[in-house]
Amino acid sequence: MDKISFFFGAGAECKNNFDMPSGDEYEKDTLTPDDFSKTYGTYINNRFNRTYCNDQYKYEKRTISSYAKKTSIECLKARLDFYFHSIISPKNHKIKFSCVFSYYWSCYFVIVNSILKYLNSVKRGADLRDYYYGEMNYDKVLSNMVDFTEKLYSVEISDMNDNYYSLIRTELNKRKDLECDGIITTNYFHFAEKIMGKDTAYLNGNLKMFEFPELLEVRSFLNSDKEIDYDRINDCLFFPFIFGQSNTKPIVSSKQIVEYNKFYNILKGCKILVVLGYSFGETDNHINSFIHDYLEDGNKLIVVSEEDDEEKLKEQLHTTKKIEICKVKYSDGNKRIVTKIFETIEKH
């Protein structure tokens, strides 16, 4: 029996699946949100009752022209990287911390808004109506983060059909010669884990996790994880523990080591890795290095893509090893794409 694993990037959860933002759309929405101070920015400031969250989040070219000169988005990414150290000492770097703090909440709300909108469109998540009814109640979410997180993660999604995950699960169940040992994802919510029912490594953080910068702690807000401390939640600053679009992805918690160790073990346990919705971008070379080693160890890599450019992938992964491309047209629909994936697997 062949052991196989799947790696899912943002492209696996966008249009025709869960309508999550990805690529340039996500970058624009999180780095240059429209009128930040009049949307969730105001509620963040009110919730934490501090001076950290303010309009310093707004892009001002003159303040960072020495860091980057391409575009406002590139400049802001450079600014976030330059300011990242401030998260461990917010009192000493209020303006810098404000930029980073606001950015991570911006990422969180862009993602969660999309999830709630999708769940509402498929008539799921009735228990979330106090938090989302046509639009998000930011104030209520921020004031009840534990209850909101619990209800968000309690929505039944395992029976959702016609998405990549359910179709792959169906195909795997048909085959006795293939066994999926685990899932790797750069996405933030448990769509893949719940629908496919496999152990999952979350490389870019998780919507249930929050960082307490003044305490150097990261905690889950799910009761089942038994990490909730209401005194800390009520009295301390916290922000979502997720990686955004900044160029630097630093290790700030042992929980990241746990996820990357899971990533490592999933790769060690399989002979075939299928990658869907991930572009091997240069800002993700910390991830790409694992896949490079996986290839160099003699394993098989199948990349689902509209581009038939093996040489480009080899250049990105710094390898001369064979990379199999499963060439698809995303307009063909999920079922046809998944059929092509398994046809490619069976050839090898």
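Predicted model only: the values in this text are computed from it and were never measured. The residue numbers shown here count from 1 along each chain, following its written sequence. Owing to the predicted nature of the model, reporting of local features is limited to residues with pLDDT of at least 70; listing and counting of side-chain atom pairs is limited to 80 or more, with chain, interface and lining totals taken over all residues. Hydrogens are left out, water is left out, and the side-chain values use all remaining heavy atoms of the structure.

Asks: So what exactly am I meant to see when it comes to the overall build of the chain here?
Replies: Summing up its helical and strand segments, the chain has 14 helices and nine strands in all. In the chain, which comprises 348 residues, the share counted as buried stands at 52%. Should any heavy atoms of two residues lie within 4.5 Å, those residues are counted as being in contact. For the chain, long-range pairs separated by at least 24 residues make up 66% of all intrachain contacts whose partners lie at least 6 apart in sequence. For the chain, the accessible surface area stands at approximately 16500 Å², while carbon and sulfur atoms represent 44% of it. Secondary structure elements follow DSSP: runs of H or I no shorter than four residues count as helices, runs of E no shorter than two count as strands, and numbering proceeds from the N terminus. Think of it in three bands: with a 1.4 Å probe and only protein chains considered, a residue is buried below 20% of the maximum accessible area for its type, exposed above 50%, and partly exposed in between. In short, Shrake-Rupley with a 1.4 Å probe defines the accessible areas, and a residue's cover is counted only from the protein chains shown.

Asks: Can you walk me through the environment of Phe243 in this structure?
Replies: Note on placement: Phe243 falls in the loop between strand E6 (239-242) and helix H11 (254-268). According to the relative accessible area criterion, Phe243 is buried, its value standing at 9%.

Asks: How do you make sense of the sheet that holds strand E7 (residues 272-276) when you look at a structure like this?
Replies: Across a sheet, paired strands are connected by hydrogen bonds in the backbone, their directions being either parallel or antiparallel. Strand order in the open sheet made by the six strands is E3-E2-E1-E7-E8-E9, with parallel pairing throughout. Since the sheet does not close on itself, it has two edges, and those belong to strand E3 (200-202) and strand E9 (324-327), each with one partner. Strand after strand, the sheet turns through a mean of 20° between neighbouring axes, direction not considered. The pairing criterion is simple: DSSP has to find at least two bridges between the two strands. Pairing of strand E1 (residues 2-8) with E7 involves five bridges; the strand directions are parallel. Residue pairing across strands places Phe6 opposite Val274, the latter belonging to E7. In this fold helix H8 (residues 164-174) packs onto E1, strand E2 (178-185) and E7, with an angle of close to 175° to the strand it touches most, E1. A fitted line through C-alpha atoms represents every axis, and for helices the fit uses only the stretch in contact; the resulting angles, taken between N-to-C directions, go from 0 to 180 degrees.

Asks: Is there a simple way to explain unusual backbone geometry in this structure?
Replies: One non-glycine residue, Lys123, lies in positive phi territory at about 60°. Along the polypeptide, Lys123 turns up in the loop between helix H5 (94-121) and helix H6 (138-143). Owing to a relative accessible area of 76%, Lys123 belongs among the exposed residues under this scheme. The backbone of Phe280 shows a phi angle near 60°, a positive value even though the residue is not glycine. Tracing the sequence through the fold places Phe280 in the loop between E7 and helix H12 (285-296).

Asks: Even after reading the chapter, I still don't get helix H2 (residues 40-48), so can you show me in this structure?
Replies: Because an α-helix completes one turn every 3.6 residues, residues spaced three or four positions apart along the sequence face the same direction. Restricting attention to buried positions, one finds in H2 the residues Tyr40, Gly41, Ile44, Arg47 and Phe48. All buried residues of H2 lie within an arc of 130° about the axis, which places them on one face of the element. Of the surrounding secondary structure, the elements contacted by the buried residues of H2 are helix H1 (23-31), H5, H6 and helix H10 (230-235). As used here, the arc is the angular range of directions from the helix axis to the C-beta atoms.

Asks: Quick question: what am I supposed to make of the environment of Lys271 here?
Replies: Along the chain, Lys271 turns up in the loop between H11 and E7. Along the sequence, Lys271 and Asn299 sit 28 residues apart, while their C-alpha atoms lie 5.2 Å from each other. With sequence-adjacent residues up to four places away left out, Lys271 is seen in contact with Lys3, Tyr294, Asn299 and Lys300.

Asks: Help me out: how do you make sense of the nonpolar core in this one?
Replies: What tends to happen in soluble globular proteins is that the nonpolar side chains get buried as a cluster. Here the nonpolar core consists of buried residues drawn from Ala, Val, Leu, Ile, Met, Phe, Trp, Tyr and Cys, with membership extended through side-chain atoms lying within 4.5 Å. Counting 86 residues, the largest nonpolar core has Phe6, Phe8, Trp105, Tyr108, Phe109, Tyr165 and Leu207 as the members making the most contacts within it. For this core, the element with the highest residue contribution is H5, accounting for 17 residues. Setting aside anything within four residues of it in sequence, one finds Trp105 in contact with Ile44, Phe48, Leu142, Met145, Phe210, Phe238, Phe239 and Pro240. Among the nonpolar cores identified, the runner-up in size contains 24 residues, and Cys270, Ile291, Val303 and Leu313 belong to it.

Asks: How should the sheet that holds strand E4 (residues 205-212) be read in this particular structure?
Replies: Here three strands make up an open sheet; going across it, the order is E5-E4-E6 and the pairing antiparallel. Looking along the sheet, the strands with just one partner apiece sit at the ends: strand E5 (217-220) and E6. Each strand axis lies, on average, 45° off the axis of its neighbour in the sheet, ignoring direction. Pairing geometry for E4 and E5, over four bridges, is antiparallel. From the neighbouring strand, Phe210 faces E5, where its bridge partner is Arg219.

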